[in-house]
Amino acid sequence: MRTLTVYVDGIGVWAPGIADWPALQRALRDGDIAARDVEGNPANAKPASAILPPTERRRAPEPVLLASEAASQAAAMAGRDPATLASVFTSTHGDLAITDAMCATLAADPRELSPTRFHNSVHNAPAGYWTVAAHCNRTATAISAGPASFAAGIVEAASEVAADGDAVLLAAYDIVARGPLAEVAPSGVPFAAAFVLSPTRSAGSLAQLCVYPLQGAAAPNALTSVLAAFAANPTAVQALPLLVALARRAPAKVTLASGANASIAIEVAP
């Protein structure tokens, strides 16, 4: 793998208390995450996911809501029509809630297994919902690489940008683990992040990213105290160090595990 250079044209973020990229920037600046909105209700208890039609929004599983909300934000910030963007969706565990529910049903009464739940359990469900809602017929890729899923997503998206010479949307997400699966696939808080990556710098580009491989395992990245609660999410653990570096708008280098004894470096330049 050679060095891949891309430009960040849009960012989307969703997590409890963090509704979008400006909210994450405020949290880093103020050292606090807002727990309530202006009317006293719990802050962004559920993603808005406005790109989904109302009927789909009501029945869509949580990963779809998370991924589509972050992806919509990133596309809007980049000023790009979602229908024009190839996309990469990456998740460590996929839909653990539906997987747990299906396993419980199979153990208790297999004849009661819901075809709709099975349909939504596949790893590319968020990518499918997104492309239908966005009326997008560009390439959509869904991948998982265990604890290196975000790093794999960055490499895949940057490789597509280099190969095709066009912008690519990257969306990364994980939800809370349920049932016995939580013991082997831990995830304690929902989180999603998305980026529009372009081959050339534009007036609206936020930063340049240079991505290249490293030998050996990457040391875990420590999260700032205000973001410490999100260490319970496997996607957040990898994505937040890059988001923090982007928020600081200063040269930085982030290293991420990309395999058992491999890693990648992401050099960030304003």
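Now for a quick tour of the structure.

What counts, and where the lines are drawn
Residues numbered from 1 in each chain as written. Predicted model: local features only at pLDDT ≥ 70, side-chain atom pairs only at ≥ 80, totals over all residues. Heavy atoms only, no water. Buried < 20%, exposed > 50% of the residue type's maximum accessible area, 1.4 Å probe, protein only. Helix = DSSP H or I, 4+ residues; strand = E, 2+ residues; numbered from the N terminus. Pairing = 2+ DSSP bridges. Expected span 1.5 Å × (residues − 1). Axes fitted to C-alpha atoms, helices over the stretch in contact; angles between N-to-C directions. Contact = heavy atoms within 4.5 Å. Polar contact = N/O pair within 3.5 Å; in protein donor to acceptor, adjacent residues only side chain to side chain. Phe/Tyr/Trp six-rings, centres within 6.5 Å; stacked < 30°, edge-to-face > 60°. Salt bridge = Lys/Arg side-chain N within 4 Å of Asp/Glu carboxyl O.

### A closer look at the pairing of strand β4 (residues 168-174)
Most of β4 is tucked away, with seven of its seven residues classed as buried. Covered by surrounding structure in β4 are Val168, Leu170, Ala172 and Asp174 together with Leu169, Ala171 and Tyr173, the residues of both alternating faces. Here strand β2 (residues 86-90) pairs with β4 via five bridges, running parallel. Bridging from a neighbouring strand, Phe89 pairs with Ala171 of β4. Relative to strand β5 (residues 191-198), β4 runs antiparallel, the two being bridged by seven bridges. Paired with Ala172 across the bridge in β5 is Ala193.

### Digging into helix α3 (residues 62-78)
Between its first and last C-alpha atoms α3 spans 25 Å; for 17 residues at 1.5 Å apiece the expected length is 24 Å, and the two agree. Looking at the residues trailing α3, positive phi occurs at Gly79, about 70 degrees.

### Some remarks on the sheet that holds strand β7 (residues 252-259)
Taken in spatial order, the eight strands make up an open sheet running β3-β2-β4-β5-β1-β6-β8-β7, and their pairing is mixed. Single-partner strands in this sheet number two, and they are β3 (140-143) and β7. Averaged over all neighbouring strand pairs, the angle between strand axes comes to 30 degrees, with direction disregarded. Taken strand by strand, helix α6 (residues 125-133) contacts β2, β3 and β4, and its axis lies near 150 degrees from that of β2.

### Here we look at the environment of Ser144
Along the chain, Ser144 falls in the loop between β3 and α7 (149-164). Residues Ser144 and Thr90, 54 residues apart in the sequence, show an inter-C-alpha distance of 5.7 Å. Polar side-chain contacts of Ser144 include one of 3.0 Å to the backbone oxygen of Ser91. Engagement of the side chain of Ser144 in a polar contact is seen with the backbone oxygen of Thr92, the distance being 3.1 Å.

### Focus on the packing of aromatic side chains
Under the criterion given, the structure shown has two aromatic pairs. An angle of 50 degrees between the planes, with centres 6.3 Å apart, marks the rings of Phe191 and Phe230 as tilted. With Phe191 in strand β5 and Phe230 in the loop between β6 (207-215) and α9 (234-248), this residue pair connects regions lying 39 residues apart in the sequence.

### What about the side chain of Asn120?
Structurally, Asn120 can be placed in helix α5 (residues 115-121). By relative accessible area, Asn120 is classed as buried at 5%. When near neighbours in sequence (up to four residues on either side) are disregarded, Asn120 contacts Pro61, Asp95, Ile98, Ala125 and Tyr129.

### Observations concerning the pattern of salt bridges
Scanning the model with the defined rule gives six salt bridges in all. The partner of Glu62 in a salt bridge is Arg178, with the nearest N and O atoms 3.5 Å apart. Of this pair, Glu62 sits in helix α3 while Arg178 sits in the loop between β4 and α8 (181-184), placing them 116 residues apart in sequence. Residue Glu62 is classed as partly exposed on the basis of its relative accessible area of 25%. Owing to a relative accessible area of 32%, Arg178 belongs among the partly exposed residues under this scheme. Through salt bridges with shared partners, a single network forms among Arg80, Arg138 and Asp166.

On their own, these measurements won't tell you what the molecule is for.
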